[in-house]
Amino acid sequence: MPTGPVRAYWVGRWREGRTSAWGSRVRPAILLAVTLGAVAVASAGDDTTRTSSVFAPVSGPADAVYRVATLALAITGAIFVVVGGLLAYSVVRFRRRPDDDGTEPAQVYGSEQVELAWTVIPILVVIVLCLVTARTVYDVQGAQKPAGAIDVTIVGHQWWWEVRYPALGIVTANELHVPVSDSADPTPTFMALESADVVHSFWVPRLAGKTDLIPNRTNHMWIEPRETGLFLGQCAEYCGTQHAHMLLRVYVQPRAEFDRWVAAQRRPAAADPAAADGRRVFETTACVNCHTVRGTVATGRFGPDLTHLMSRATLVAGAAPMTRASLHAWIDDPDRVKPGALMPAMKLDAPALDQLVGYLATLE
Amino acid sequence: MTTATGAIGAVVPASPRPDRGQVGILGLILAESAVFSIFIAAYVYYVGKSLTGPTPGQVLDLPIIISVLLWSSSVTIHLAVRALRAGLVSAFTLWWFLTILLGTLFLIGTGAEWYRLIYHDRLTIRTNLFGTTFYSLVGLHASHVIVGLVLMTVGLVLALEGHVRAAHARRAEVLSLYWHFVDAVWVVVFLVVYVVGR
Amino acid sequence: MAVLDPTLAAIRPAERTSALATLHEWVVTVDHKRLGLMYIASGLTFFLVAGIEATIMRIQLVVPENHFVSPQVFNRMMTMHGTTMVFFVGMPILLGFANYLVPLMIGARDMAFPRLNAFSFWMSLFGSLLLYFSFLGAEGLYGGGNAPDVGWFAYAPLTARVFSRGNSTDYWTLSLLVSGIGSIGTAVNLIATILCLRCEGMTLGKMPLLVWLNFVVACMILVAISPLTAAQIMLLLDRFLGAHFFDTQAGGSAVLWQHFFWIFGHPEVYVLMLPGFAFASEIIPVFSRKVIFGYPFMVAATVAIAFIGLGVWAHHMFTVGMAPAGNAFFAVSTMLVAVPTGIKIFNWLATLWGGKIRFATPMLFCLGFLFQFLCAGLTGVMLAVAPFDWQLSDSYFVVAHFHYVLIGGLLFTIFAAIYYWFPKATGRLLDETLGRWHFWLFVIGFNLTFAPQHFAGLIGMPRRIYTYQAGRGFEVWNQLSSAGVVFQLAAILVFLWNLGRSLVRGEPAGDDPWDAWTLEWTTTSPPPAYNFETPPVVRSRRPLWDVKHPEDPDWRYE
């Protein structure tokens, strides 16, 4: 037993009622609940919050995940309420009272029946969750590709996305355009995922779960969006310095608009005679080693295809808007726009740079 | 204050506790087994996946002789420990020396094989996946043989200087357990690399 | 000095020990208690360092497109924070406690291999210093080095020579290789100690739960750290000898690194968490005034966690494109491991039930642990549902989950253990009022930082990004998260003040300030170098209970 002054210290503290269960358990639980509630309310209908929310699915795989996620949340939520409730209750009900007589409570060593119960019940819960999980896994991964599907190959680079439509003869970067899919005549998009360097991950939450892009390996995923619109995502596997600026834009378009976009992308590059000076700068500097402009001598594959550069909404995988000013800044000093980017500073003098930007601005 | 812990409650008869040296070396063997398992997993995973270069079937011969030498050294070390337990120090020294000799011959044989592979067959660790996994696995095993030989040589020197007695049999046994482990790993490597993997 | 070793002072009262002599004693010691304290001290030091790294990250992330630090610096902070916390805070503190407590709790005089013990500690410390030397020394020939920036799990091929120039990755690899040797040494030592040095009467079924859990942890370390050692040797061979283990250009596999790493990495998180469970299993009974409920089932659940935990690793790889059968298998095994973990929570609850709960600081931290670990376990179940993980993996939801496990769970039990055993190690109590301030500030700060991160993940914020764009909805969660850091910093300052003040002016504790029941409370505070005057003989799991309640001893009911 604690002796002398130490014992008196403890007994004194209890007698003064300096400790309370109200303080130690109930108050923080309420605090947390209020915070979470406020936060949940704040997040409910906000447009910006929904741009890439897991809980706003618009496509087959994301729908499947949403269903199983809701079940998982319901089950874990129920467990939280029950177990958390028991914890809160015990802490309040079995706290040592100020008028305690100092005897020890009944020592309960265990109970085989109770142990059995709280082993069997969780196993049953696990079985239910496992069955639903396995079914969803097989449904999503085993989906058959219908005849009307669009084929896209996505190649991950540090730190941009190469997007190729092999059957349609189109190459672009950082933006994926797909037709909206109608359940009567489905036109999902099936993607082959590859990587040119390190591991990346394709994640557009409203359309599907993420799948990794791994060098020397081809992964597959599919999306079947049922609403038009712009859906945002980004790389979700740390891939180096600018992992944070490897953004994705997926445009889901009505069929007619998608066909128009395809036709425009298939045209060779614009050859505006007014930009001939700039084109010469482009073709005689090292640009052609890394970039492709279809219809010119530029056939490089290390950097994005620039044939229809200006048709894209952002520059440098979302790190800058698509404007002449940001194009100018980027070519002048890439490291200032996207520190660590692999494009070297071309060290062009001001007139040459202006001409070059003028040429690139014609590549609609 | 310490309680007078002559007995808290009634006295219970002491149950025998294992020898800490044996427990220690078995723990180390468990950890090393895990390390080797990963290298073997990598070897098996990459069988047939080399893009270029010599294949196992083209350049590997069954190393029967050196394997028999190595496995025999397990017998000799066992005899050495038995001799020491019986107090026969000279017999122990002889068998211990033979173990070291057999282990050294194994290493020389491995070195000869590597010489041939590198200079004649042009297989190095950077040639292809087979080279990578072969040299790392066999090399890891060889490094464990070297460590064992070094430790055993220390024991041999102590024995020759007359410092080893029957009371040290337990320690010799601990080292022999390590050596048996090294030999057992060679069984697996032999089967995976030279039998199945070819 | 006098506080920590009264017996020495008693023997040589006239001698004044110089600072140098004291330092020498500590450097050459093989005493498990001193090594344990040194482990804990080094762990706490690196805890502060890694906390600063986290603070830098949270400041950078408080607003979108912030420029507080460059992406290169942020990525180094991210890598060093994770690596330091797992290997140089968690492992040392927990192995330090094991070192200190296990021999005392089994009635032994020291560990089975005292010199191996010292060797393991110095290897561990050297590893940590080697990692931090990278800030200075990693420039190498390419001028491209500095601290490692490849993330704490260093996925291939990002770690290949071509993508990680300079020597920063090599410092990561070598420092962990070195400290891994130390961990394996301590694990071997713990197993040998527990199997061979138990006092008379202490069968395996009469060991305190802390000893059982550390035994299982030691076995796991042997089996789990080794795969990391192997993978790191392979990485070094790739980087220095041109091998192709993870070289995708030569047909190698990036996924192979992930398999090897997570075969280590998942059991590692149990290696970290089980000692936390051990602390809770000792502290909760004492402050509920009841024996632990279901001792045999607690042991069985621990062993089950260890075994099942060896078979769940690919739940970190649900997104790499495994076949449906693989994804389904690992989802099932991961959900299964939740069952024994839940059993433990229920047993702790049953221990509280019907007790007379005293809200001393160690108990406050254990109650916080119970609530927060419940949250962590449930988000873990959500992540085990593989399709849900396809959305949540590599997002801030996972970051929130594992911080709830490691801070809300592990760190809270570590704080509980410090408040509980500090009196035994030093002979002085920590201040209760300051302890309360520490607890409350930390509970608020921790939850404020990490609860919002669940939501950030659910609306699409990936992890390991040095900044994010406005208009995605991430701002409010990041602001809340960064605000919590202030409370956590305040809590740690209070804690440090408490430690320092109590070392010098704390109230004397006596042998048994908490009215507890295991063997360490039968000897002086601090214990003498030889631990016990005479080796104890025990007859039950709670020897001191039997002494204090001779009319109602445990051994009649066990």
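### A short note on the overall build of chain A
Tallying secondary structure elements over chain A gives 11 helices and 12 strands in all. Buried residues in chain A amount to 38% of all 364 residues. By sequence separation, contacts in chain A at least 24 residues apart represent 66% of the contacts at least 6 residues apart.

### Regarding the sheet that holds strand S5 (residues 189-195) of chain A
Residue and element names in this part refer to chain A. Judged by pairing direction, the sheet is mixed, and its 5 strands sit side by side in the order S3-S2-S1-S5-S8 without closing on themselves. Of all strands in the sheet, those bounded by a partner on one side alone are strand S3 (170-173) and strand S8 (219-223). The mean inter-strand angle of the sheet, taken between neighbouring strand axes irrespective of direction, is 25°. In this structure, strand S1 (residues 150-157) lies alongside strand S2 (residues 160-165), joined through 5 bridges in antiparallel fashion. Residue Gly156 lies in a different strand from S2, and its bridge partner there is Trp161.

### Some details on the confidence of the model for chain B
Residue and element names in this part refer to chain B. On average, chain B scores 93 in pLDDT, and the residues at 70 or more come to 92%. For the stretch residues 1-7, pLDDT sits under 50, and the model shows 15 contacts to residues farther than four places along the chain or on other chains. The complex prediction reports pTM at 0.93, with the ipTM value standing at 0.93.

### Focus: the domain arrangement of chain A
All names here are of chain A. Structurally, chain A comprises domain 1 (49-79 + 109-254) and domain 2 (273-360). One C-alpha centre belongs to domain 1, the other to domain 2, and the line joining them spans 33 Å. Residue-level contacts link 16 residues of domain 1 with 14 residues of domain 2. The set of elements that each furnish at least two residues to the side of domain 1 that touches domain 2 consists of S2, S3 and strand S10 (247-253).

### Some details on the arrangement of the chains
Sorting the 2 pairs of chains in contact by contact count puts chains A and C at the top. Separated without contact, chain A and chain B have their nearest C-alpha atoms at a distance of 11 Å.

### Regarding helix H11 (residues 361-384) of chain C
Over its 24 residues, H11 of chain C extends 34 Å from the first C-alpha to the last, a length consistent with the 34 Å expected when each residue adds 1.5 Å. Of all 24 residues that make up H11 of chain C, 24 are buried, and the element is covered over most of its length.

### Notes on the environment of Leu129 of chain B
Looking at the secondary structure, you find Leu129 of chain B in helix H5 (residues 129-160). Residue class for Leu129 of chain B comes out buried when judged on the 26 C-beta atoms lying within 10 Å of it. Considering only alpha carbons, one finds Leu129 of chain B and Tyr46 of chain B, 83 residues apart in sequence, at a separation of 6.6 Å. Not counting residues up to four positions away in its chain, the partners in contact with Leu129 of chain B are Tyr46, Lys49 and Ser50 of chain B together with His244, Ala250, Gly251 and Gly252 of chain C.

### Observations regarding the interface of chain B and chain C
Contacts between chain B and chain C engage 37 residues on the former and 49 residues on the latter. When contributions to the side of chain B that touches chain C are tallied by element, the ones reaching two or more residues are helix H1 (20-45) and H5 of chain B. The residue inventory of the side of chain B that touches chain C, partitioned by class, reads 21 nonpolar, 12 polar and 4 charged.

### So, the sheet that holds strand S9 (residues 229-234) of chain A
All names here are of chain A. If you walk across this open sheet you meet the 3 strands as S4-S10-S9, and the pairing is mixed. Edge strands, defined here as strands with exactly one partner in the open sheet, are strand S4 (175-179) and S9. The sheet shows a mean angle of 20° between the axes of neighbouring strands, direction not considered. By the bridge criterion, 5 bridges tie S4 to S10 in an arrangement that is parallel.

### Some remarks on the packing of H1 of chain B against helix H6 (residues 169-196) of chain B
All names here are of chain B. Where H1 meets H6, the axes come as close as 10 Å, and the angle between the chain directions of the two elements is 15°. Between H1 and H6, the angle falls in the class roughly parallel. The two elements H1 and H6 cross, and the hand of that crossing is right-handed. In this structure, H1 contributes Gly21, Gln22, Ile25, Ile29, Glu32, Phe36, Ile40, Tyr43 and Val44 to the contact, and H6 contributes Arg170, Arg171, Val174, Leu177, Tyr178, Phe181, Val185, Val188, Val192 and Val193. Among the residues forming the contact of H1 with H6, the class breakdown is 14 nonpolar, 2 polar and 3 charged.

### What about helix H4 (residues 60-93) of chain A?
What sets the pattern is the α-helix's 3.6 residues per turn: residues three or four places apart point alike. With 34 residues, H4 of chain A should reach 50 Å at 1.5 Å per residue; the first-to-last C-alpha distance of 49 Å fits that figure. For H4 of chain A, every residue scored as buried is listed here: Gly60, Pro61, Ala62, Ala64, Val65, Val68, Ala69, Ala72, Thr76, Leu87, Ser90 and Val91 of chain A.

### Overview of the interface of chain A and chain C
Counting residues at the interface gives 94 residues for chain A and 90 residues for chain C. Those elements giving two or more residues to the side of chain A that touches chain C turn out to be helix H1 (4-15), helix H2 (21-43), helix H3 (47-50), H4, helix H5 (112-141), strand S7 (211-213) and S9 of chain A. Of the residues in the side of chain A that touches chain C, the class split is 50 nonpolar, 32 polar and 12 charged.

### A word on the packing of helix H8 (residues 254-288) of chain C against helix H9 (residues 295-309) of chain C
All names here are of chain C. Put simply, H8 and H9 touch, their axes get as near as 10 Å, and they point 170° apart. With respect to each other, H8 and H9 are oriented roughly antiparallel. Touching His266, Pro267, Tyr270, Leu274 and Ser281 of H8 are Met298, Thr302, Ile305, Ala306 and Gly309, all from H9. Per-class residue counts for the contact of H8 with H9 are 6 nonpolar, 4 polar and no charged.

### Considering the confidence of the model for chain A
Residues and elements named next belong to chain A. Looking at chain A as a whole, its pLDDT mean stands at 89, while 87% of the residues score no less than 70. Low pLDDT, under 50, characterises residues 1-24; the stretch is placed with 30 contacts to residues that sit more than four places away or in other chains. Residue range residues 41-45 is modelled with pLDDT below 50. Its contacts to residues more than four positions away, or to other chains, number 3 contacts.

### Topic: the nonpolar core
Counting 341 residues, the largest nonpolar core has Ile106, Ile191, Ile221, Ile283, Cys366, Leu370 and Ala416 of chain C as the members making the most contacts within it. The biggest single contributor to this core is helix H13 (residues 396-426) of chain C, with 22 residues. Mapping this core onto the domain boundaries places at least three of its residues in each of domain 1 (49-79 + 109-254) and domain 2 (273-360) of chain A. Apart from residues lying up to four places away in sequence, Ala416 of chain C is in contact with Phe279, Ile283, Pro362, Phe365, Cys366 and Phe369 of chain C.

### Quick notes on the pairing of S1 of chain A
Residues and elements named next belong to chain A. Counting buried positions along S1 yields 6 of 8 residues, so the element is predominantly enclosed. Pairing of S1 with S5, which is carried by 7 bridges, proceeds in the parallel orientation. By the bridge assignment for S5, Asp151 is matched with Phe190. Taking the residues between adjacent antiparallel strands as the criterion, S1 and S2 are bridged by 2 residues.

### A few points about unusual backbone geometry
The peptide bond linking Gln158 of chain A to Trp159 of chain A adopts the cis configuration, its omega dihedral lying at 0°. For Trp159 of chain A, the location among the structural elements is in the loop between S1 and S2. Note that the residue after Ala156 of chain C, namely Pro157 of chain C, is joined by a cis bond; omega there is -5°. Summarising the element assignment, Pro157 of chain C is placed in the loop between helix H5 (114-137) and helix H6 (168-196). Located in the positive-phi region is Asp394 of chain C, a residue other than glycine, with phi close to 60°. Among the structural elements, Asp394 of chain C can be located in the loop between helix H12 (386-392) and H13. Residue classification places Asp394 of chain C among the buried residues on the basis of 23 C-beta atoms within 10 Å.

Reading the values: the criteria
- Residues numbered from 1 in each chain as written.
- Chains lettered and ligands numbered in written order.
- Predicted model: local features only at pLDDT ≥ 70, side-chain atom pairs only at ≥ 80, totals over all residues.
- Helix = DSSP H or I, 4+ residues; strand = E, 2+ residues; numbered from the N terminus.
- Buried ≥ 20, exposed ≤ 12 C-beta atoms within 10 Å, placed from the backbone.
- Contact = placed C-beta atoms within 7 Å.
- Pairing = 2+ DSSP bridges.
- Axes fitted to C-alpha atoms, helices over the stretch in contact; angles between N-to-C directions.
- pLDDT = per-residue confidence, 0-100.
- Domains from an automatic or database assignment.
- Expected span 1.5 Å × (residues − 1).
- Nonpolar A, V, L, I, M, F, W, Y, C, P; charged D, E, K, R; others polar.
- Parallel < 35°, antiparallel > 145°, perpendicular 65-115°, else oblique.
- Left-handed = near helix turned anticlockwise from the far one by under 90°.
- Core = buried A, V, L, I, M, F, W, Y, C linked by C-beta atoms within 7 Å.

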